[in-house]
Amino acid sequence: MKLEELFARTLREPVSVFSDDASPASVRSWDSLRHIELVMAAEAEYGIRFETAEVTTIRSLGCMRGILRRKGVMV
């Protein structure tokens, strides 16, 4: 699954809303609870685990993409 699709499904928004710049400031449904749901969905989808420090630095879709790439996930 593409990362944009994972964000769209988790945040219940159209996939067209999501680019690497998408953030809580630009996506109304992205609140603190949904942030944790995004992290859990990505962990389940890609078979990885985020460190607590990584979770707190995810401020956009692009940030999550960068962390996933550093973990060896092709997104």
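Residues numbered from 1 in each chain as written. Predicted model: local features only at pLDDT ≥ 70, side-chain atom pairs only at ≥ 80, totals over all residues. Heavy atoms only, no water.

*Asks:* Before we move on, could you go through the overall build of the chain and cite the residues and values that matter?
*Replies:* Counting its regular elements, the chain contains four helices and zero strands. Each helix and strand of the chain, ordered N terminal to C terminal, gives the series α-α-α-α. Projected onto the principal axes, the alpha-carbon positions of the chain cover approximately 30 × 25 × 20 Å. In the chain, buried positions account for 43% of the 75 residues. Contacts in the chain between residues at least 24 apart in sequence constitute 46% of all its contacts with a sequence separation of at least 6. Summing over all exposed atoms, the chain offers an accessible surface of approximately 4500 Å²; the carbon and sulfur share of this is 53%. Side chains of the chain carry 11 positive and 11 negative charges; the gap between the two charge centres is 0 Å. (Helix = DSSP H or I, 4+ residues; strand = E, 2+ residues; numbered from the N terminus. Buried < 20%, exposed > 50% of the residue type's maximum accessible area, 1.4 Å probe, protein only. Contact = heavy atoms within 4.5 Å. Areas by Shrake-Rupley, 256 points an atom, 1.4 Å probe, with all protein chains shown as cover. Lys, Arg positive; Asp, Glu negative; His and termini not counted. Charge placed at Lys NZ, Arg CZ, Asp CG, Glu CD.)

*Asks:* Describe the nonpolar core, and please don't skip the residues or the numbers.
*Replies:* Grouped burial of nonpolar side chains is what soluble globular proteins tend to show. Grouped together as the largest cluster of nonpolar side chains are 23 residues, with contacts concentrated most on Phe-7, Phe-50 and Met-64. Elements supplying a minimum of two residues to this core: helix H1 (3–11), helix H2 (32–46) and helix H4 (61–70). In this view, Phe-50 contacts Val-39, Ala-42, Glu-43, Val-55, Ile-58, Met-64, Ile-67, Leu-68 and Lys-71; residues no more than four positions away in its chain are not counted. (Core = buried A, V, L, I, M, F, W, Y, C linked by side-chain atoms within 4.5 Å.)

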